[in-house]
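Spelled out from the first residue to the last, the chains are:
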Amino acid sequence: MALTDTQLRVVLYEGTGAAPIESDDRLTAVRSLLERGFGVTRAGAARPLAPADPSPLLVVGRWQDAPPATEPNIRWQSFDLPNLANAAEAARSGFAAPTPGAWKPWFPVIDYDRCTNCMQCLSFCLFGVYGVDTAKQIQVQNNDNCKTNCPACSRVCPEAAIMFPKYKAGPINGDVVSDSDLNREKMKIDISALLGGDVYSLLRDRSERARSRFGKERDSDKALAERQKCLTKLAALAGDIPPEVLMSLPSPEEIARKAEEAAAKAKAALANS
Amino acid sequence: MSAPAAGVPAILYCHCQYAQVVPPEVKAAVLKQLCDSNLPFEAVPDLCELSARRDPSLQRLAAAGPLKIAACFPRAVKWLFAAANAPLTPGTTEVLNLRTLPAADAAAAIVHPDLTPNLPTGKVTQADAPASSSTPSF
């Protein structure tokens, strides 16, 4: 499934040629469709609606005559409340539209009013979420690589320009940014510096120390223990980075390699901007 | 506070289906108000998901003219649309923040025909926060 696939939309049609739907039934229908991940348009005449788009549509109504014939991206169906969600699911399958909710939409959103294009996020993220466009402007390129519930990159942004709209608190959730928030962000970076420059250099240094300590006798269990110790310390300081995210980080060697790649990418983008 | 924009706004409601950050009673009140009204509206399960997909429906909605959006923080909504190549028009867009508004206020505001544009422009700081907004620290 590509994240660019267009989702099915359900239209509750109550205009000319269809009888109105009672408000309680309308509420039940809309809520059940939303909870199954389907967008809903309630069409009427009192206010404008947005113009049509290429989304596949399931149009349901209490038709006074036979509904119009099916078109390539439109199906028409009688309003049948108990079976509405199943009908939407059947239409979604028939149109080969993506399954909603298959991926929790957790990803960074950049506030370009605040972003200074400093590339700290690109340097920091090991999962390839960030990249630059042809104008060397930072952008989110692979949002489905982002680790669910991890707001770590927003904490290294000196301008609090990175939002996760589903985060619990501001300014990461999009709330206004206060001076104390900015100072707090700086403090986070200072904590990182205390750890040894940055998170990944810390991991790299520990990896080097472990390598010299254990030499050829260093086994995978000891390496894992070292990594867990380091990550546990980091998790305690950062506070809200999920343990499963930390444990899904690549090996220390891979981290070092990826960090160098990301730093080089950021440096190149800054040099050419 | 901006002056009301001309034109009756279209309505967009986000159910924020994939997170528990909007109080359920607020979502319930807004959705009931919409369904009890005789107004057309658009309801999406999750704006974040549409933005992540760069779903063309966001361009359709952004091009709808005056638009009232019931979702979350205006700064987040603005950049969610922008990330999908569907920039909202600051002068004709109002975002109701369901994370901070009381249920009754949100329900009344969503069907009100007046539109008070409030998309942030430039760096948003505490001075831009509405008096009633809570700004939890982290």
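Since the model is a prediction, treat every value here as computed from it, not as a measurement.

A. Highlighting the overall build of chain A. Summing up its helical and strand segments, chain A has nine helices and nine strands in all. Counting all 273 residues of chain A, 48% fall into the buried class.

B. The overall build of chain B, seen in detail. A count of helices and strands for chain B gives five helices and four strands. In sequence order, the secondary structure elements of chain B are arranged as β-α-β-α-α-β-α-β-α. Relative to its full complement of 138 residues, chain B shows a buried share of 57%. Looking at chain B alone, contacts between residues at least 24 apart form 76% of all its contacts between residues at least 6 apart.

C. Local environment of the pattern of salt bridges. All names here are of chain A. Here the structure, examined in full by the defined rule, presents 13 salt bridges over all chains. The partner of E22 in a salt bridge is R62, and the shortest N-O contact between them spans 2.7 Å. Taken as a pair, E22 in the loop between β2 (18-19) and α1 (23-35) and R62 in strand β4 (residues 57-63) lie far apart in primary sequence, 40 residues in all. Residue classification places E22 among the partly exposed residues on the basis of a relative accessible area of 46%. Judged by its relative accessible area of 25%, R62 is partly exposed.

D. Molecular detail of helix α4 (residues 74-83) of chain B. All names here are of chain B. Among the ten residues that make up α4, eight are buried, leaving the element largely enclosed by the rest of the structure. Looking only at α4, the buried set comprises P74, R75, A76, V77, K78, W79, L80 and F81. Looking one or two places after α4, you find N85, whose phi comes out positive at around 55°.

E. Summary view of the interface of chain A and chain B. Each side of the interface is counted separately: chain A has 70 residues, and chain B has 63 residues. Taking both sides of the interface into account, the surface hidden between chain A and chain B amounts to around 5,500 Å²; carbon and sulfur atoms contribute 57%. Linking chain A to chain B there are four salt bridges. The partner of E42 of chain B in a salt bridge is R9 of chain A, and the shortest N-O contact between them spans 3.8 Å. Along the contact surface separating chain A from chain B lie 24 residue pairs in polar contact (both at pLDDT 80 or more). Of all the secondary-structure elements, those providing two or more residues to the side of chain A that touches chain B are α1, β3 (39-43), β6 (109-110) and α5 (179-194) of chain A. Here the side of chain A that touches chain B gets seven residues from one element, more than from any other, and that element is α1 of chain A. Sheet topology note: the β3 of chain A/strand β2 (residues 41-44) of chain B ladder contains three bridges and is antiparallel. The residue of β2 of chain B that forms the bridge with T41 of chain A is E42 of chain B.

F. Representation of the nonpolar core within the structure. Of all hydrophobic cores here, the largest spans 96 residues; its most connected members are Y130 of chain A together with L47, I69 and F81 of chain B. Taken domain by domain, the makeup of this core includes at least three residues from each of domain 1 (9-94) and domain 2 (109-272) of chain A. Those residues in contact with F81 of chain B that sit more than four places away from it in its chain are L12, L47, L58, L61, A62, I69, A86, P87 and L88 of chain B.

G. Structural view of the side chain of R99 of chain B. Within the element layout of this structure, R99 of chain B appears in the loop between β4 (93-97) and α5 (103-111). Of the side chains with opposite charge, D175 of chain A lies nearest to the buried R99 of chain B, which makes no salt bridge, at 8.1 Å. Of note is the side chain of R99 of chain B, whose polar atom sits 2.7 Å from the backbone oxygen of P165 of chain A. A polar atom in the side chain of R99 of chain B sits 3.3 Å from the backbone oxygen of K168 of chain A. Setting aside chain neighbours within four positions, we find R99 of chain B in contact with P165, K166, Y167, K168, A169 and N173 of chain A together with V21, V22, P23, A71, C72 and F73 of chain B.

H. Layout of the packing of aromatic side chains. Scanning all chains against the criterion turns up five aromatic pairs over all chains. An angle of 20° between the planes, with centres 4.9 Å apart, marks the rings of W106 of chain A and F164 of chain A as stacked. One end of the pair, W106 of chain A, is in the loop between α2 (84-94) and β6; the other, F164 of chain A, is in the loop between β9 (162-163) and α5, and 58 residues separate them in sequence. Comparing W106 of chain A with F164 of chain A shows no difference in burial state: the two are buried. Measuring from centroid to centroid gives 5.7 Å for Y112 of chain A and W79 of chain B, while their planes differ by 65°, and the two rings are edge-to-face. Here the residue Y112 of chain A occupies a position in the loop between β6 and α3 (120-124), and W79 of chain B occupies one in helix α4, the pair thus bridging two chains. Owing to a relative accessible area of 33%, Y112 of chain A belongs among the partly exposed residues under this scheme. Aromatic rings pair up to connect Y13, W63 and W76 of chain A into one cluster. Positioned over the ring face of F95 of chain A is R75 of chain A, at 5.4 Å from the centre of the ring.

I. Representation of the environment of F127 of chain A within the structure. Residue and element names in this part refer to chain A. Considering the arrangement of structural elements, one finds F127 in the loop between α3 and β7 (130-132). Residue classification places F127 among the buried residues on the basis of a relative accessible area of 18%. The sequence separation of F127 and N143 amounts to 16 residues, and the corresponding C-alpha distance is 9.7 Å.

J. Fine view of the environment of V44 of chain B. Following the sequence through the fold, V44 of chain B ends up in strand β2. With a relative accessible area of 8%, V44 of chain B lands in the buried category. When the C-alpha atoms of V44 of chain B and C16 of chain B are compared, they prove to be 8.2 Å apart, with 28 residues separating the residues in sequence. Residues contacting V44 of chain B, with those up to four places away along its chain left out, are L34 and G39 of chain A together with L12, Y13, C14, H15 and L50 of chain B.

K. Examining the side chain of S55 of chain A more closely. Topologically, S55 of chain A is positioned in the loop between β3 and β4. The buried category is assigned to S55 of chain A, whose relative accessible area is 1%. Beyond its immediate sequence surroundings of up to four residues, S55 of chain A is in contact with T6, Q7, R9 and N73 of chain A together with S57 of chain B.

What counts, and at which threshold
- Residues numbered from 1 in each chain as written.
- Chains lettered and ligands numbered in written order.
- Predicted model: local features only at pLDDT ≥ 70, side-chain atom pairs only at ≥ 80, totals over all residues.
- Heavy atoms only, no water.
- Helix = DSSP H or I, 4+ residues; strand = E, 2+ residues; numbered from the N terminus.
- Buried < 20%, exposed > 50% of the residue type's maximum accessible area, 1.4 Å probe, protein only.
- Contact = heavy atoms within 4.5 Å.
- Salt bridge = Lys/Arg side-chain N within 4 Å of Asp/Glu carboxyl O.
- Buried area = accessible area lost by both parts, 1.4 Å probe.
- Polar contact = N/O pair within 3.5 Å; in protein donor to acceptor, adjacent residues only side chain to side chain.
- Pairing = 2+ DSSP bridges.
- Core = buried A, V, L, I, M, F, W, Y, C linked by side-chain atoms within 4.5 Å.
- Domains from an automatic or database assignment.
- Lys, Arg positive; Asp, Glu negative; His and termini not counted.
- Phe/Tyr/Trp six-rings, centres within 6.5 Å; stacked < 30°, edge-to-face > 60°.
- Lys NZ or Arg CZ within 6 Å of the ring centre and 35° of its normal.

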